Amino acid sequence: MKSTQYLAREPDESGFIHYPDSEHQVWHTLITRQLEVIQGRACQEYLDGIEQLALPLERIPQLGEVNRVLEASTGWNVARVPALIPFQTFFELLASKRFPVATFIRTPEELDYLQEPDIFHELFGHCPLLTNPWFAEFTHTYGKLGLKASKEERVYLARLYWLTIEFGLVDTPTGRRIYGGGILSSPKETRYALSDVPEHQAFDPLEAMRTPYRIDILQPLYFVLPDLKRLFELAQEDIMALVQQARQMGLHAPKFPPKAA
């Protein structure tokens, strides 16, 4: 695991997490800005989830507030975690319908991008779609598969996750839209992902597993679902058989330059 400068905040004896005013201000800046950017760009299922969650604008939400909505809609919860967690813990949480949320928020200096997933990325980027049964079922299935997978197999599953849950697009009756939380929590990538600059490919899980990615750049390629229900359908398929097929076929050539040493 990589190190991080961030430290998750601990709850008090009543379970309440106290954040300083400066961190509430960062949340306010992030959420008000991003709510504007996603209009006309986020898929309707995500927007429905945002409406259900009713995340506060002036302060960082308490996890219990989010849990009440998720439990009522799909039976999910969010779970407080440190800034970075091992793959094993990640899969264990998803397999038990608990989505990891690191209880720290980025500094003003890293307002536009940070590599560690903070509370804004998790709550604003991912939790709205966890109110959707199709998305929730895929995420649950993914966790169960990852829990049983070998270290080598998890690498292929990680690519599938990255190119769907984090950076996925979807075609809708009103046009191409975003559902990936990595995009929806980033103003720059929200605009970029739907532009003519990156490549867009029809979603194919086997191709996604064979596609290298970097976490520190705008993605050169996005996979586009025909509809969000495709994730639910994928959850019913033999994903691990696709992993074995991807391993045999090997990776595609990267569509990005190598990271500078």
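Since the structure is predicted, the reported quantities are computational estimates derived from the model, not experimental observations.

K.L.:
What am I meant to see in the packing of aromatic side chains here?
P.N.:
To describe a pair of aromatic rings, you give the distance between the ring centres and the angle between the ring planes. Going through the model one piece at a time under the given rule, you end up with 14 aromatic pairs. Taking the centre distance of 4.9 Å and the plane angle of 15° together, the rings of phenylalanine 120 and phenylalanine 124 count as stacked. Within this pair, phenylalanine 120 and its partner phenylalanine 124 are both found in helix α5 (residues 119-126), separated by 4 residues, close to a single helical turn. Overall, the relative accessible area of 0% leaves phenylalanine 120 in the buried class. For the ring pair phenylalanine 203 and phenylalanine 223, a centre distance of 6.4 Å and an interplane angle of 90° mean the geometry is edge-to-face.

K.L.:
Please explain helix α6 (residues 133-148) as it appears in this structure.
P.N.:
In an α-helix, one turn spans 3.6 residues; hence positions three or four apart end up facing the same way. Over its 16 residues, α6 runs 23 Å from end to end, which matches the ideal 22 Å to within 8%, given 1.5 Å per residue. Here α6 has its buried residues at Phe135, Ala136, Phe138, Thr139, His140, Thr141, Tyr142, Gly143 and Gly146. Looking at the buried positions of α6, the neighbouring elements they touch are α4 (87-95), α5, α7 (151-166), α11 (229-235) and α12 (239-249). With a side-chain oxygen lying 3.0 Å from the backbone nitrogen of tryptophan 134, the N-terminal cap of α6 falls on asparagine 132.

K.L.:
Sorry, what's going on with the UniProt feature "binding site: Fe cation" (unreviewed entry) in the chain here?
P.N.:
Taken from the UniProt record, the annotation "binding site: Fe cation" (unreviewed entry) applies to His121, His126 and Glu166. Look at the named residues: they lie 46 residues apart in sequence, but the longest C-alpha span between them is just 10.1 Å, so in the fold they bunch up. Inspection of the secondary structure puts histidine 121 in helix α5. Residues contacting histidine 121, with those up to four places away along its chain left out, are Arg106, His126, Glu166, Gly181, Gly182 and Ser185. A polar contact is formed between the side chain of histidine 121 and the side chain of histidine 126, at a distance of 3.1 Å. Looking at where glutamate 166 falls in the secondary structure, it is placed in helix α7.

K.L.:
So what exactly am I meant to see when it comes to the environment of aspartate 112 here?
P.N.:
Of note, aspartate 112 is situated in the loop between β2 (98-102) and α5. On the accessibility criterion, aspartate 112 (48% relative accessible area) is partly exposed. Between the C-alpha atom of aspartate 112 and that of lysine 188, which follows or precedes it by 76 residues, the distance is 7.7 Å. There is a polar contact of 2.8 Å between the side chain of aspartate 112 and the side chain of arginine 33.

K.L.:
Would you explain the nonpolar core in this entry?
P.N.:
Soluble, globular proteins show a tendency: their nonpolar side chains are buried together. If you look at the biggest cluster of nonpolar residues, it comprises 74 residues, and the most contacted ones within it are Tyr46, Val78, Leu123 and Tyr179. Per-element tally for this core: the top contributor is α7, with 7 residues. Not counting residues within four places of it along the chain, the set of residues in contact with tyrosine 46 comprises Ile38, Phe124, Gly125, Pro128, Leu129 and Leu184. Residues Tyr6, Ala83, Ala102 and Leu114 belong to the second largest nonpolar core, which totals 8 residues.

Cut-offs and rules
Residues numbered from 1 in each chain as written. Predicted model: local features only at pLDDT ≥ 70, side-chain atom pairs only at ≥ 80, totals over all residues. Heavy atoms only, no water. Phe/Tyr/Trp six-rings, centres within 6.5 Å; stacked < 30°, edge-to-face > 60°. Helix = DSSP H or I, 4+ residues; strand = E, 2+ residues; numbered from the N terminus. Buried < 20%, exposed > 50% of the residue type's maximum accessible area, 1.4 Å probe, protein only. Expected span 1.5 Å × (residues − 1). Contact = heavy atoms within 4.5 Å. Polar contact = N/O pair within 3.5 Å; in protein donor to acceptor, adjacent residues only side chain to side chain. UniProt positions renumbered as here; feature names shortened; annotations may be inferred. Core = buried A, V, L, I, M, F, W, Y, C linked by side-chain atoms within 4.5 Å.

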